[in-house]
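# Architecture at a glance
So the chains spell out like this:
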Amino acid sequence: MKILAFISVLSKYTRMNIIGNADKSVISDFICEKLLNNRSIESDENLLLSGLLDSLGIVKLMLFLEEKFSITIPPQDVTITNMASVDAIVGYLDKRPDHP
Amino acid sequence: MIKLLYESVDHWAKQSPDKEAFCYLDQSITYRELSHLTSRLAGVLMANGIKRGDRVGVFLAKSLESTIAIYGIMKAGAAFVPLDPAASPERLGGMINHCGINCLISHPDMQTKLQDILTSFDDITCVIGVNSVDAPDIQTMDWDQVAHAPIVPPARIIAQDIAYIMYTSGSTGAPKGITHTHASGLAYAHAITELYDVQPADRFGNHAPLHFDISTFDYFAAPLRGATTVIIPEPYMKMPASLSELMEKERLTLWFSAPNALIQLLLNGVLEARDLQSLRWVIFGGEPFPPKYLSALMTQWPQARFSNSYGPAEVNMCSYYHIDAPLAKDADAIPIGRMWDIAEGVIVDEMDRPVAQGEQGELLVRAPTRMRGYWNAPELNANCFYTRPVSAGINDIFYRTGDIVVDAGENRLMFLGRKDRQIKLRGYRIELDEIEYVLATHPDVEEAAAYMIVSGAFIEAAVTIKTGSELNTAALTDYCMAKLPNYAIPKTIRIIEVFPRTTSQKIDRRVLGQMYDGAKDV
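The model shown is predicted, which means the values in this text are computed figures rather than measured ones.

Regarding its fold elements, chain A presents three helices and zero strands. Of the regular secondary structure in chain A, the N- to C-terminal order runs α-α-α. Here chain A holds 100 residues, and 35% of them are scored as buried.

Here it is in structure tokens:
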């Protein structure tokens with residue numbers, strides 16, 4: 001039983017990780033190409049407090065996430081913490097109850 | 001007795017040296033640190049040739065450095081000029097040339113944009129706050145070096161010397177530099193701290209960026225009373241849920257912003273989950289606050305008092321209206337209230353004759369908070385003041401606000417609209433004529449008109465283009481982005497065949513606004 005539970009946890013972890021990585025590059029590419037004029041970014045690089053994204057960029061990013069992942073991001077989730085970096089965004093998407 | 005703006009900081013550095021003067025995220029600066037750092041910066045500026053009456057540009061995002069910059073510049077005897085970090089290099093260059101700036105204060109975070117300015121304009125000889133720039137013959141000194149520079153006494157200036165210049169959009173396309181003195185800035189700080197009974201224990205939430213004139217409330221009024229200002233980082237302005245969280249955590253007691261920020265907090269700020277009991281005054285200004293939202297916010301924060309603060313940047317502020325009773329269900333506008341005790345307001349008709357009580361007219365304002373004039377703009381200065389004779393050669397000087405108001409009695413002035421076509425959007429002042437002027441400078445544009453879509457409170461523009469031209473909306477928007485501040489860029493620009501016209505053959509902008517109200521973007 002213990003082994004089964006372990007495998008189940010492991011497979012869940014692996015699945016999330018794969019999706020996470022795919023999400024990660026989709027989001028990074030969008031930010032890099034559409035918002036930052038092809039400047040590349042690290043996945044843990046701070047997007048907001050560093051001033052990298054201006055207010056228009058933040059709005060565009062929200063719209064992109066909603067459209068790309070067919071989700072609605074409620075106002076209480078649009079926060080400095082959830083949107084801090086590509087890693088933070090992926091973490092937020094994973095945490096959502098509607099994540100596949 | 002505090003006679004110059006920066007003396008507030010030095011005064012509180014003696015009274016309560018370890019008190020936090022400004023905070024930004026997890027950083028803060030005490031009054032003593034601020035006093036010392038600004039004296040060091042002043043020394044650096046003076047060593048670079050800055051003297052009384054000079055203009056120094058502040059090219060910084062919201063940060064602790066911005067407060068060090070403005071007080072350091074004033075201690076050097078110069079006037080600070082906030083430069084909007086989001087503006088295009090072209091527009092910034094226009095301001096830099098217009099008021100003859102040759103020294104900037106900046107930060108490595110701004111390096112890319114800074115470089116754009118330096119590449120396009122060669123008037124700058126000195127940049128403080130960065131390690132180096134990629135341009136010849138420019139002196140630089142980073143913030144660490146500033147922190148180790150010697151403390152020097154401030155330059156000798158008097159209260160009538162200039163202290164700051166705020167740029168706003170002008171109707172010919174050239175920005176207007178509203179020039180204030182230490183006396184006018186300090187008269188404002190004294191009056192507003194008295195009006196809202198500011199105490200050292202107060203904590204201000206600085207929402208407005210430095211280039212937006214209501215930021216002087218946070219930057220001048222708080223230090224006058226030894227209070228603390230919490231500078232709100234830019235990204236929070238688009239994230240009301242984080243903003244309300246920060247307001248709660250920082251236990252803000254005073255808030256002053258344009259209504260739009262408060263509406264966003266109300267709609268998306270999850271206020272029901274926040275404890276904002278500490279708020280004692282919520283002040284708004286810059287544009288009318290829709291009563292339905294104001295009413296809901298008053299219900300949300302029953303312990304706070306709400307106040308409408310009115311005044312063009314040219315006079316800082318001049319009237320107020322405290323809202324002490326729930327709004328009537330059918331209330332259609334919040335009064336701008338009564339004139340400050342230190343100000344006189346006169347309402348005049350087209351011929352400058354005072355109107356009868358209850359009749360509408362332009363508001364003229366006389367107050368010690370009035371600007372010295374517009375920088376380097378003789379024509380504007382010749383027309384923006386009204387003089388009332390007192391005796392031979394002695395006149396009262398009033399600023400012509402261009403605002404149409406009516407005195408509804410019981411200390412209730414009501415704002416009715418702009419005399420010309422200057423509008424206010426999210427607190428920013430925009431001249432529709434400036435947008436048209438910019439569009440019309442495009443070689444392929446024949447005629448241009450900018451107009452408000454009243455139901456959505458945004459700007460649109462329409463143009464006719466030369467036959468055979470392949471100009472499109474996107475190219476026109478790009479063109480505007482290079483020449484106008486972000487907030488003045490039309491939401492959509494329509495390329496049309498023919499303009500509706502009035503009987504006198506002028507473009508009928510009112511009809512345009514109605515025609516496209518509710519129409520799809522292009």
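With that settled, the discussion passes to the interface of chain B and chain A. Reports of interface size often rely on the accessible area that becomes lost once the parts have come together. Listed by partner, the interface residues are eleven residues for chain B and twelve residues for chain A. Of the roughly 1100 Å² buried where chain B meets chain A, counting both sides, 77% is carbon and sulfur surface. Ranking the residues of chain B by area buried against chain A places B:Pro235, B:Lys238 and B:Met239 at the top, with a combined share of 49%. Linking chain B with chain A are zero salt bridges, by the criterion used here. Counting across the interface, chain B meets chain A through one residue pair in polar contact (both at pLDDT 80 or more). In the side of chain B that touches chain A, the residues fall into seven nonpolar, two polar and two charged.

Moving on to the sheet that holds strand β25 (residues 445-453) of chain B. All names here are of chain B. Taken together, the three strands give an open sheet; going across it, the order is β25-β26-β27, and neighbouring strands pair in mixed fashion. Edge positions in the open sheet fall to β25 and β27 (492-495), since each of these has one partner strand only. This sheet shows a mean twist of 20 degrees between the axes of neighbouring strands, independent of strand direction. Inspection of the sheet shows β25 paired to strand β26 (residues 458-465) by eight bridges, in the antiparallel sense. Within β26, the residue paired with Val-445 across the bridge is Ile-465. In the packing of helix α13 (residues 432-440) onto the sheet, the strands contacted are β25, β26 and β27, and the crossing angle to β25 comes to about 155 degrees. Sheet strands touched by helix α14 (residues 473-483): β25, β26 and β27. Its angle to β27, the strand with the most contacts, is close to 130 degrees.

Let us look at helix α9 (residues 240-249) of chain B. Since one α-helical turn is 3.6 residues long, residues separated by three or four positions face the same way. Residues and elements named next belong to chain B. Here α9 lies mainly inside the structure; seven of its ten residues are buried. All of the buried residues along α9 are Pro-240, Ala-241, Ser-242, Leu-243, Ser-244, Leu-246 and Met-247. Buried residues along α9 sit in contact with β12 (254-257) and α10 (259-268). One or two steps after α9, the chain reaches Arg-251, where phi turns positive at roughly 45 degrees.

All names here are of chain B. Its place among the elements puts Ser-184 in helix α7 (residues 182-195). Classification of Ser-184 as buried rests on a relative accessible area of 1%. At 2.9 Å, the side chain of Ser-184 forms a polar contact with the side chain of His-180. Once residues lying within four places of it in the same chain are set aside, the contact partners of Ser-184 are Asn-316, Pro-368, Thr-369 and Arg-370.

This part covers the sheet that holds strand β1 (residues 20-24) of chain B. Residues and elements named next belong to chain B. The strand order across the open sheet formed by nine strands is β2-β1-β11-β10-β12-β13-β14-β15-β16, and the pairing between neighbours is mixed. Strand pairing shows two members of the sheet lacking a second neighbour, β2 (27-30) and β16 (338-339), which therefore form its edges. Judged from the five bridges that link them, strand β13 (residues 281-285) and strand β14 (residues 305-310) form a sheet pairing that is parallel. Following the sheet pairing, Phe-284 is matched in β14 by Asn-308. With respect to the sheet, α10 is in contact with β12 and β13, its orientation differing from that of β12 by roughly 115 degrees.

Turning our eyes to something else, we now look at the domain arrangement of chain B. Residues and elements named next belong to chain B. For chain B, the domain assignment lists domain 1 (7-231), domain 2 (338-418) and domain 3 (422-516). Measuring from the centre of the C-alpha atoms in domain 1 to the corresponding centre in domain 2 gives 30 Å. If you look at the interface, domain 1 gives 20 residues, while domain 2 gives twelve residues. Both faces considered, domain 1 and domain 2 share a buried interface measuring about 1300 Å² in area, 68% of it formed by carbon and sulfur atoms.

Here we come to the pairing of strand β18 (residues 360-366) of chain B. Residues and elements named next belong to chain B. The buried fraction of β18 amounts to five of the seven residues, a majority that puts the element mostly inside the structure. Summarising the sheet, strand β17 (residues 344-348) and β18 pair through five bridges and their orientation is antiparallel. Opposite Glu-344, over in β18, you have Arg-366 as the bridge partner. Pairing of β18 with strand β21 (residues 394-407) involves five bridges; the strand directions are antiparallel. Of the residues in β21, the one forming a bridge with Leu-364 is Arg-400.

Next up on the list: the nonpolar core. In this structure, B:Ile105 and B:Phe220 are the most contacted members of the largest nonpolar core, which totals 115 residues. If you look at the next biggest cluster of nonpolar residues, it comprises 53 residues, including A:Ile31, A:Tyr92, B:Trp255 and B:Met298.

Between two packed helices, what matters for the description is the angle formed by their axes and the separation of those axes. All names here are of chain B. One can describe the packing of helix α2 (residues 31-47) onto helix α3 (residues 64-75) by two numbers: an axis separation of 7 Å at closest approach and a directional angle of 55 degrees. Comparing their axes, α3 and α2 come out oblique. For the crossing formed where α2 meets α3, the hand is right-handed. Where α2 approaches α3, its residues Leu-34, Ser-35, Leu-37, Thr-38, Ser-39, Leu-41, Ala-42, Leu-45 and Met-46 are matched on the opposing element by Thr-67, Ile-68, Ala-69, Tyr-71, Gly-72, Ile-73 and Lys-75. Considered class by class, the residues forming the contact of α2 with α3 number ten nonpolar, five polar and one charged.

Residue and element names in this part refer to chain B. Taken as a whole, helix α4 (residues 89-98) has its buried residues at Arg-91, Leu-92, Gly-93, Met-95 and Ile-96. On its buried face, α4 is in contact with β5 (103-105), α5 (111-120), β8 (162-168), α13 and α14. Where α4 terminates, the next one or two residues include Gly-100, which has phi positive at roughly 65 degrees.

Residue and element names in this part refer to chain B. Throughout the structure, instances matching the rule amount to 14 aromatic pairs over all chains. Geometrically, the ring pair formed by Tyr-188 and Trp-340 is stacked, given 6.1 Å between the ring centres and 10 degrees between the ring planes. Remark: Trp-340 occurs in the loop between β16 and β17 and Tyr-188 occurs in helix α7; sequence separation between them is 152 residues. Trp-340 matches Tyr-188 in its accessibility class, with the two residues each being buried. Of note, Arg-370 hangs over the ring of Phe-385, and the distance from its end group to the ring centre comes to 5.0 Å. Positioned above the aromatic ring of Phe-458, the side-chain terminus of Lys-491 is 4.3 Å from the ring centre.

Let's shift gears to unusual backbone geometry. Residue and element names in this part refer to chain B. Phi is positive for Asp-137, close to 60 degrees, though the residue is something other than glycine. Mapping Asp-137 onto the fold places it in the loop between β6 (126-128) and β7 (139-141). Under the relative-accessibility criterion, Asp-137 is labelled exposed at 76%. We note that Asp-352 has phi near 65 degrees; this positive angle belongs to a residue other than glycine. Along the chain, the position of Asp-352 falls in the loop between β17 and β18.

Quick notes on the rules
- Once a new chain begins, its residue numbering starts again from 1 and follows that chain's sequence as written.
- Chain A is the first chain written and ligand 1 is the first ligand written, with later ones labelled in order.
- Where local features are concerned, this predicted model is filtered to residues with pLDDT of at least 70; where side-chain atom pairs are given and counted, the filter is 80 or more; whole-chain, interface and lining totals use all residues.
- Calculation of side-chain values draws on the structure's entire complement of heavy atoms; hydrogens and water are dropped beforehand.
- Here a helix means four or more residues in a row that DSSP labels H or I, a strand means two or more in a row labelled E, and each is numbered from the N terminus.
- Relative accessibility under 20% of the residue-type maximum defines a buried residue, over 50% an exposed one, and the middle range a partly exposed one, all with a 1.4 Å probe and only protein chains included.
- Pairs of residues are marked as contacts when any of their non-hydrogen atoms sit within 4.5 Å.
- In short, buried area is how much 1.4 Å probe accessible area vanishes from two parts on joining, totalled over both.
- We count a salt bridge whenever a side-chain nitrogen from Lys or Arg sits within 4 Å of a carboxyl oxygen from Asp or Glu.
- For this analysis, a polar contact is any N or O atom pair within 3.5 Å, provided that within protein one partner can donate a hydrogen and the other can accept it, and provided that sequence-adjacent residues contribute only side-chain to side-chain pairs.
- Residues are grouped as follows: nonpolar covers Ala, Val, Leu, Ile, Met, Phe, Trp, Tyr, Cys and Pro; charged covers Asp, Glu, Lys and Arg; every other residue, Gly included, is treated as polar.
- We call two strands paired when DSSP finds no fewer than two bridges between them.
- Think of each axis as a best-fit line through the C-alpha atoms, taken over the contacting stretch in the case of a helix, with angles from 0 to 180 degrees between the N-to-C directions.
- How far each domain reaches was decided by an automatic or database domain assignment.
- To qualify as a nonpolar core, a set must consist of buried Ala, Val, Leu, Ile, Met, Phe, Trp, Tyr and Cys residues joined through side-chain atoms within 4.5 Å.
- Roughly parallel covers angles under 35 degrees, roughly antiparallel covers those over 145, roughly perpendicular covers 65 to 115, and oblique covers all other angles.
- In a left-handed crossing the near helix is turned counterclockwise from the far helix by less than a right angle, and in a right-handed crossing that turn is clockwise.
- Working definition: a ring pair exists when centres of Phe, Tyr or Trp rings (six-membered ring for Trp) sit within 6.5 Å. Plane angles under 30 degrees give stacked, over 60 give edge-to-face, the rest tilted.
- Whether a charge sits over a ring depends on NZ of Lys or CZ of Arg being within 6 Å of the ring centre and within 35 degrees of the ring normal.

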